Amino acid sequence: MSTLIKGGTVITAIDSTDADVRIEGEIITGIAAPGSHDWEDTADTVIDATGKYVVPGSLDIHTHMELPFGGTVASDNFESGTRAAAWGGTTTIVDFAVQVKGESMMEGFENWMAKASDNCAIDYGFHMIAGDINTDTLAEMDKLMELGVTSFKLFMAYPGVLYSDDGEILRAMQKASQIGATIMMHAENGIAIDVLREQAIERGETDPVNHGLTRPAITEGEATHRAIALAELAGVPLYIVHMSAKEALDEVTIARDRGLPVYAETCPQYLFLTLEEHLSAPGFEGAKYVCSTPVRKQAEGHQEALWEGLVRDDLQVVSTDHCPFCMGDHPTLGTQKQLGLGDFTAIPNGLPGVEDRFQLMYHGGVVEGRFSVNRWIEVCCTAPAKMFGLYPKKGTIAVGSDADIVIFDPDVSWTKGAAQHHMDVDYSCYEGMEVQGMVETVLLRGETIIENNEYLGTKGDGRYLPRTGAGPRL
Ligand code: URP
Ligand code: ZN
Ligand code: ZN
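Rules behind the numbers
- Residues numbered from 1 in each chain as written.
- Chains lettered and ligands numbered in written order.
- Predicted model: local features only at pLDDT ≥ 70, side-chain atom pairs only at ≥ 80, totals over all residues.
- Heavy atoms only, no water.
- Pairing = 2+ DSSP bridges.
- Helix = DSSP H or I, 4+ residues; strand = E, 2+ residues; numbered from the N terminus.
- Polar contact = N/O pair within 3.5 Å; in protein donor to acceptor, adjacent residues only side chain to side chain.
- Contact = heavy atoms within 4.5 Å.
- Axes fitted to C-alpha atoms, helices over the stretch in contact; angles between N-to-C directions.
- Near = heavy atom within 4 Å.
- Areas by Shrake-Rupley, 256 points an atom, 1.4 Å probe, with all protein chains shown as cover.
- Nonpolar A, V, L, I, M, F, W, Y, C, P; charged D, E, K, R; others polar.
- Disulfide = S-S within 2.5 Å.
- Buried < 20%, exposed > 50% of the residue type's maximum accessible area, 1.4 Å probe, protein only.
- Donors = N, O, S within 2.8 Å, 3.2 Å for Na, K, Ca; no water.
- Tetrahedral: all angles 85-135°; square planar, octahedral: opposite > 155°, others 65-115°.
- Core = buried A, V, L, I, M, F, W, Y, C linked by side-chain atoms within 4.5 Å.

> Requested: an account of the pairing of strand E16 (residues 405-415), with residues and values cited.
Where strand E5 (residues 53-56) lies against E16, four bridges are found, and the strand directions are antiparallel. Directly across from Tyr53, in E16, lies its bridge partner Phe408. When E16 meets strand E17 (residues 434-444), the two strands line up antiparallel, connected through eight bridges. Paired with Asp409 across the two strands is Met438, which belongs to E17.

What follows is the structure, given as structure tokens:
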């Protein structure tokens, strides 16, 4: 099967060129000046992209499909969540397999592989959440590297659940350094946060906004500083996940200026949502926006600092931390966010975003004039692929790359909302928001899976992606 995409503007992290793109089977085999080859005569399928952008399928390297968390399970499973991702122009996810206390890492990996296999609409890989670090489990990291799990997430938050102390963190970092893995860090001082949460509950401060007030920016800044120090000691590349505080960004900026291999992502919720407007919404509405790290006070300047970090490359990646829970009862999973009615500490942490990210970042980044279309592609496609061992197979439009391609209409304006999204969750964090730019057609390895507002793929189209380890610095 061969396909020609003609007449569009091909956008990569480097440049924007009017060009035809030829696909044979699953691979891009040619990029050439419009009409300069006889590709139209031989193509089985021709897609007319006149007036549209032809961009790489994007990568969301931080998702939690069907994660058991906070007394329930994230409402999107691998089937619904990856299909929703496709609708939003994402053709690869890297999800987090979880090793819980008392379990081996291999058990965690096999559990997540079983959940994802034959269910995904798009390609998928795994990071490993290391929830029980000891001599035996550290030894398993070699095997996971062989299986293409080349990044390990540690938690300085959630004491008693996924938390690791500094000694465990250092040991895992030393091992990762030996084997060429990357450490991903949930950087919040969970011990201090637990004191603040307990004190707030004692004072009767139980509304959702207290989730943010008891996780102040200084607890993220301090943990980020400590994570960087431990990573420097171990000599390992460090990637800070879901960054929301400018104090944390400052630490990453200083580390990068010193030449350390330190990287960070942020997520749309930290760029578009605020503690004052969203987390403080009347009644229990703020529960929609409960996630960790928390959305932060606009008055403190976090959102603008994060946008600026993306412009200056102090932040390299935008992912979602997609981990949705319904406000009302989920048809099969039951009560979710309402577990925390009257006690913010019991609200499951996490929010939806896998379908929103790529289009939101075009709107906020490009339409609102903060950065170029090329930087949009870099933070949503190319940098995540490079950072997590998937480039140039994924993350760009180049001869030899997988034909994961999105035809994107840069001009159309539309209104976001739960009524039109495909995620298995009963609210949108961006309800009523007017945005410009829309995903029109999506190809996964040469196969059209979204076209004319229809999903054309099949459950199980997605393939497991073994990844390579830490390469040269981004
Ligand atoms: O609130 C969040 N972020 N939930 C998912 C788990 C995590 O820490 O990434
Ligand atoms: Zn986390
Ligand atoms: Zn997460």
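After that view, the rundown keeps rolling.
> Any chance you could break down the side chain of Asp123 for me, citing the residues and the numbers?
Residue position: Asp123 is located in strand E10 (residues 123-130). Within the structure, Asp123 has its side chain in polar contact with the side chain of Arg445 (distance 2.7 Å). Excluding its chain neighbours within four sequence positions, the residues that come into contact with Asp123 are Thr91, Thr92, Ile93, Lys394, Asp402, Leu444, Arg445, Asp461, Gly462, Arg463 and Leu465.

> So, the sheet that holds strand E11 (residues 151-155): which residues are in play, and what are the values?
An order of E6-E9-E10-E11-E12-E13-E14-E15 is seen for the eight strands of this open sheet, with the pairing classed as parallel. Of all the strands in the sheet, just strand E6 (58-63) and strand E15 (317-318) have a single pairing partner and so form its edges. Alignment of E10 against E11, held across two bridges, turns out to be parallel. For Met128, the partnering residue across the bridge sits in E11 and is Phe152. The strands touched by helix H8 (residues 217-234) are strand E12 (182-186), strand E13 (238-240) and strand E14 (262-266); relative to E13, the strand with the most contacts, the crossing angle is about 170 degrees. Against the sheet, helix H14 (residues 373-387) makes contact with E6, E12, E13, E14 and E15, and its axis sits at roughly 65 degrees relative to E6, the strand it touches most.

> Describe the site of ligand 1, listing the residues and the values that go with them.
Close contacts around ligand 1 come from 14 residues, with Lys153, Tyr158, His186, Ser292 and Asp321 the closest. Asp321 places a polar side-chain atom, nitrogen or oxygen, 2.6 Å from a nitrogen atom of ligand 1. Within the backbone of Gly350, a nitrogen or oxygen atom sits 3.4 Å from an oxygen atom of ligand 1. When isolated, ligand 1 has an accessible area of 270 Å², and the protein chains bury 99% of it. When its residues are assigned to classes, the shell around ligand 1 shows five nonpolar, seven polar and two charged.

> Account for the state of the cysteines, with residues named and values stated.
Here the structure, examined in full by the defined rule, presents zero disulfides. Here Cys120 stays unpaired: no disulfide links it, and the sulfur of Cys323, its closest cysteine neighbor, is 16 Å away. The exposure class of Cys120 is buried, given its relative accessible area of 0%. Cys267 takes part in no disulfide bond, and the closest cysteine sulfur, belonging to Cys291, lies 7.8 Å away. Of the residues examined, Cys267 reaches a relative accessible area of 0% and is grouped as buried.

> How would you explain unusual backbone geometry if you had to name every residue and give the values?
Geometrically, the link from Ser292 to Thr293 is a cis peptide bond, its omega value of 0 degrees lying close to zero. Its location among the elements puts Thr293 in the loop between helix H11 (275-279) and helix H12 (302-312). In this structure, Pro392 follows Tyr391 across a cis peptide bond, with omega equal to 5 degrees. Its location among the elements puts Pro392 in the loop between H14 and E16. Of note in the backbone geometry, Asp321 takes a positive phi value of approximately 60 degrees without being a glycine. By secondary structure assignment, the location of Asp321 is in the loop between E15 and helix H13 (357-367). Non-glycine residue Asn452 carries a positive phi angle of around 50 degrees. Note on placement: Asn452 falls in the loop between strand E18 (447-451) and strand E19 (454-455).

> Which residues make up the coordination of the zinc ion (ligand 3), and what values go with them?
All of the protein donors around the zinc ion (ligand 3) are His62 (NE2), His64 (NE2) and Asp321 (OD); their distances to the metal are 2.0 to 2.1 Å. The coordination sphere of the zinc ion (ligand 3) comprises four donor atoms, whose angles at the metal cover 87 to 140 degrees; the geometry is irregular. Here the zinc ion (ligand 3) and the zinc ion (ligand 2) are spaced 3.9 Å apart. Of this pair, His64 sits in the loop between E6 and strand E7 (68-69) while Asp321 sits in the loop between E15 and H13; the two residues are 257 residues apart in sequence, bridging distant segments of the chain. Here His64 matches Asp321 in class, with each residue buried.

> Tell me about the coordination of the zinc ion (ligand 2), and please be specific about residues and values.
Around the zinc ion (ligand 2), the donor atoms from the protein are Lys153 (NZ), His186 (ND1) and His242 (NE2), and they sit 2.1 to 2.2 Å away. All donor residues of the zinc ion (ligand 2) come from one chain, and their arrangement in sequence is K-x32-H-x55-H. His186 gets classed as buried once you look at its relative accessible area, which sits at 0%. In this structure His242 comes out as buried when scored by relative accessible area, which is 1%.

> So, the nonpolar core: which residues are in play, and what are the values?
Counting residues in hydrophobic clusters, the biggest one holds 140 residues, and the most contacted among them are Phe126, Met173, Met185, Leu238, Met361 and Trp376. Among the elements that take part in this core, H14 stands out by supplying nine residues, more than any other. Contacts of Trp376, omitting those with residues within four sequence positions, involve Tyr53, Val55, Phe358, Met361, Tyr362, Val366, Phe371 and Phe408. Ala19, Ile28, Ala403 and Ile405 belong to the second largest nonpolar core, which has 14 residues in total.

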